[in-house]
Amino acid sequence: MILAVDIGGTTCKLGLFDSSLKLVEKWQIPTDTSDEGGNILKDIHLSFTDKLSVHKLSFDDCTGAGIGVPGPVDFEAGTVNGAINLNWYGLKDIKKEFEEMSGVWTIVDNDANLATLGEQAFGAGQNKDDVVMFTLGTGVGGGVIVNNLLVHGAGGAAGEVGHIKVAVEEDLKCNCGGTGCLESVASSSGLKNMAAKYHREFVPSALDDKISSGSLDAKTIFEHAENGDSLSLYLVDKMSEYLGIGIGNIAATLNPSHIILGGGLSQAGEFLRSRILGKFRKYAFPPAVESTDIVFASLGNDAGIYGAAKIVSQYEK
Ligand SMILES: [Zn+2]
């Protein structure tokens, strides 16, 4: 049996997988961020204890545990250096803590990496060797898989596709402190950045009221873009342009078979994908265009636990 965990700021998704990576059961528990998140791993351990006993099993029947954490992970060490959403500060030795609680060999990775691995192995990536995911939400996250393995990089910062520089001329601040990042133009916060910058050029716009009341969100922008509002269309086209450049650069570097689009903004569907694809074809290195598909994530919130189970199977001894 494999224990799979995807720790989030409000819930922890848990899963039991058998040795052939078939999902046996999945469920979730609330994330208790009180006491600097000190109960989170204990609650996970307790929940697995209960669930295993329902299946007449114990931790002795488990070959490994995979844990996804929303923070910067040292993959080799199994440590995380703070996770704001969990109220975790400083260095936490997640691998050691969970191994001491459960007696089960544990592997820890960043949640976005494991979601990418889940999609690659069981979802939109169709188990192909080379896959890159872009998660378009409040920010832009993602992950890179080369030769069937997640790429972590020398300092664990590989796969941070939200911070590739595609829009330096926009001079918009990114959440990382830099400017010109994909995240500063192609996330919900990026769309709001650009709306603030460009809305004067498009008055009147269907977005005027929401911009002046500070309640603009990405869903509204996409809805009005589909209805032909000039400012909304301009923002979606700009976002698509920068994603096309970013994905084109990744494709020229790694030549993945699948670029997977996930996150809340990917709900805009074909309206967004067709625009990104058009820009990608315009900018990308031609041989990469021919061999790269741009597709939508298909596992939703379950991607993380699928990736957690998969990475255990890849590294367990
Ligand atoms: Zn950035």
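Everything below is about the structure shown above.
Owing to the predicted nature of the structure, the values given are computational and were not obtained by experimental measurement. (Residues numbered from 1 in each chain as written. Predicted model: local features only at pLDDT ≥ 70, side-chain atom pairs only at ≥ 80, totals over all residues. Heavy atoms only, no water.)

**A word on the packing of aromatic side chains**
How two aromatic rings sit relative to each other is given by the distance of their centres and the angle of their planes. To keep it simple, the criterion reads: A pair of Phe, Tyr and Trp rings is counted when the ring centres sit within 6.5 Å of each other, with Trp represented by its six-membered ring. The angle between the planes then sorts it: under 30 degrees is stacked, over 60 is edge-to-face, the rest tilted. Secondary structure counts use DSSP, requiring at least four H or I residues in a row for a helix and at least two E residues in a row for a strand, with both numbered from the N terminus. Remark: exposure states derive from per-residue accessible area (1.4 Å probe, protein chains only) relative to the maximum for the residue type, with buried under 20%, exposed over 50%, and partly exposed in between. Should the NZ of a Lys or the CZ of an Arg lie within 6 Å of a ring centre and within 35 degrees of the ring normal, that charge is described as sitting over the ring.
Across all of its chains, the model carries 6 aromatic pairs by this definition. Look at F17 and Y306: their rings are 5.3 Å apart centre to centre, the planes differ by 75°, and that puts the pair in the edge-to-face class. Here Y306 lies in helix α12 (residues 303-315) and F17 lies in strand β2 (residues 11-17), a separation of 289 residues in the sequence. Here F17 and Y306 have matching classes, each one buried. Three or more aromatic residues link up through ring pairs in this structure, and these residues are F17, F122 and Y306. The ring of F271 is capped by R275, whose NZ or CZ atom sits 4.1 Å from the centre of that ring.

**A look at the environment of K279**
Basically, it comes down to this: Contacts are assigned to residue pairs that have any heavy atoms within 4.5 Å of one another.
Within the secondary structure, K279 is located in helix α10 (residues 270-283). Taking relative accessible area as the criterion, K279 reaches 22% and is therefore assigned partly exposed. For K279 and S240, which are 39 residues apart along the polypeptide, the C-alpha to C-alpha distance reads 6.8 Å. Apart from the residues within four sequence positions on either side, K279 is in contact with D237, S240, E241 and G244.

**Topic: the coordination of the zinc ion**
Stated precisely, the cut-off is as follows: Metal sites are built from N, O and S donor atoms within 2.8 Å, or 3.2 Å for Na, K and Ca, and they leave out water, so they may look incomplete. For a four-donor site, all angles between 85 and 135 degrees give tetrahedral; for four or six donors, opposite pairs above 155 degrees with the remaining angles between 65 and 115 give square planar or octahedral; all remaining cases count as irregular.
Protein ligation of the zinc ion involves H163 (ND1), C174 (SG), C176 (SG) and C181 (SG), the donor distances falling in the range 2.0 to 2.4 Å. With 4 donor atoms in place around the zinc ion and angles of 104 to 117° between them, the coordination shape is tetrahedral. For the zinc ion, the donor residues sit on a single chain with the sequence spacing H-x10-C-x1-C-x4-C. Here the residue H163 occupies a position in the loop between β11 (149-150) and α5 (183-186), and C181 occupies one in the loop between β11 and α5, the gap between them amounting to 18 residues. A relative accessible area of 26% places H163 in the partly exposed class. With a relative accessible area of 0%, C181 lands in the buried category.

**A few points about the sheet that holds strand β8 (residues 106-110)**
This is how the line gets drawn: In short, DSSP must find at least two bridges between two strands for them to pair. What counts as an axis is a line fitted to C-alpha atoms, over the stretch in contact for a helix, and the angles between N-to-C directions run from 0 to 180 degrees.
The strand order across the open sheet formed by 5 strands is β3-β2-β1-β4-β8, and the pairing between neighbours is mixed. Here the strands that pair on one side only, and so sit at the sheet edges, are β3 (23-30) and β8. Direction aside, the axes of adjacent strands within the sheet are offset by 15° on average. In this sheet, strand β4 (residues 64-69) lies alongside strand β1 (residues 2-7) in parallel orientation, the contact comprising 5 bridges. Its bridge partner lying in β4, I2 is registered against G64. Packed on one face of the sheet, helix α3 (residues 94-102) meets β1, β4 and β8 and runs near 145° to β8.

**Considerations on the nonpolar core**
This is how the line gets drawn: As used here, the term nonpolar core means buried Ala, Val, Leu, Ile, Met, Phe, Trp, Tyr and Cys residues forming a set that is joined through side-chain atoms within 4.5 Å.
The biggest cluster of nonpolar side chains holds 47 residues, and the ones touching the most others in it are F134, L191, M194, F222 and M239. Element by element, the count of residues in this core is highest for helix α9 (residues 230-254), at 10 residues. In contact with M239, not counting residues within four places along its chain, are L136, V185, A186, L191, M194, F222, L265 and L272. With 27 residues, the next largest nonpolar core counts I44, L52, F59 and I94 among its residues.

**Comments concerning the side chain of N113**
As for its position among the elements, N113 is in helix α4 (residues 111-122). Not counting chain neighbours up to four residues away, the residues in contact with N113 comprise G142, G143, L150 and H152.

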